[in-house]
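# Topology and contacts: notes
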Amino acid sequence: MELKEQKHRMDLSYYIGTWDNPYEKARLIDSFTFYETDGELRMTIKNSAASFYQEDWGIGSVKAHAYAPDLHNVVAFQAHFFKEDIEMFLAINENKGLLVIAAYITFKNNDEKSDCFVREFFHKQ
């Protein structure tokens, strides 16, 4: 008997769009946008004015996660950005209508900067 893989599509409609950081002295991200292209979830980032990284992040790949393997409700995301000089992994979860981003930043080939962690909060625009 042949088993067929079934991919259950999660409803991302609530999350698609731009999310803003209300904190005017944000350490990294001012806002970000989730969007779908060719069935894939993507993310772009606008740096905050105080961000220690002012380069363009480009487009990040995003994966949605449900609360359990047998559920299809979206409760969290992971996103990755890879640049020549830096990598960023984002762990994103929803809490009371906000999206919380825990950003893990790794600097490549730079002994002067410490890899770091930034946590910021976002509301939907």
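Here, every reference points to the structure presented above.
Residues numbered from 1 in each chain as written. Predicted model: local features only at pLDDT ≥ 70, side-chain atom pairs only at ≥ 80, totals over all residues. Heavy atoms only, no water.

### Re the pairing of strand 4 (residues 59–66)
Direction of pairing for strand 3 (residues 40–47) relative to strand 4: antiparallel, over a ladder of four bridges. Its bridge partner being in strand 4, Leu41 is matched across the sheet by Val62. In this structure, strand 4 lies alongside strand 5 (residues 74–82), joined through six bridges in antiparallel fashion. What sits directly across from His65, in strand 5, is Ala76. (Pairing = 2+ DSSP bridges. Helix = DSSP H or I, 4+ residues; strand = E, 2+ residues; numbered from the N terminus.)

### A few points about the pattern of salt bridges
Within this structure, the stated rule accounts for two salt bridges. Taking the shortest distance from any N to any O, the salt bridge between Asp30 and Lys46 comes out at 3.5 Å. Of the two residues, Asp30 sits in strand 2 (residues 29–37) while Lys46 sits in strand 3, which places them 16 residues apart along the sequence. Exposure remark for Asp30: the relative accessible area of 27% places this residue in the partly exposed category. (Salt bridge = Lys/Arg side-chain N within 4 Å of Asp/Glu carboxyl O. Buried < 20%, exposed > 50% of the residue type's maximum accessible area, 1.4 Å probe, protein only.)

### Points about the pairing of strand 6 (residues 86–95)
Relative to strand 6, strand 5 runs antiparallel, the two being bridged by seven bridges. Its bridge partner lying in strand 6, Phe82 is registered against Glu87. From the end of strand 5 to the start of strand 6, which pair antiparallel, there are three residues. The pairing of strand 6 with strand 7 (residues 98–107) spans 10 bridges and is classified as antiparallel. Counterpart to Leu90 in the pairing with strand 7 is Ala103. The hairpin turn running from strand 6 into strand 7, its antiparallel successor, is two residues long, and Lys96 in that turn takes a positive phi close to 55°.

### Section: the packing of aromatic side chains
Two aromatic rings, taken as a pair, are described by how far apart their centres are and by the angle between their planes. One pass over the full model with this rule turns up 13 aromatic pairs. By the ring-pair criterion, three or more aromatic residues cluster together here, those being Tyr14, Tyr15, Trp19, Phe32, Phe34, Phe77 and Phe122. Sitting over the face of the ring of Tyr14, Lys124 holds its NZ or CZ atom 5.4 Å from the ring centroid. (Phe/Tyr/Trp six-rings, centres within 6.5 Å; stacked < 30°, edge-to-face > 60°. Lys NZ or Arg CZ within 6 Å of the ring centre and 35° of its normal.)

### Brief notes about the sheet that holds strand 7
Taking strand neighbours around the barrel as the criterion, the eight strands line up as 1-2-3-4-5-6-7-8 in a closed arrangement whose pairing is antiparallel. Neighbour to neighbour, the strand axes of the sheet diverge by 30° on average, direction disregarded. (Axes fitted to C-alpha atoms, helices over the stretch in contact; angles between N-to-C directions.)

### Some remarks on the side chain of Ser31
Looking at where Ser31 falls in the secondary structure, it is placed in strand 2. Other than its neighbours up to four places away in sequence, Ser31 contacts Thr18, Trp19, Asp20, Thr44, Ile45, Lys46 and Phe122. (Contact = heavy atoms within 4.5 Å.)

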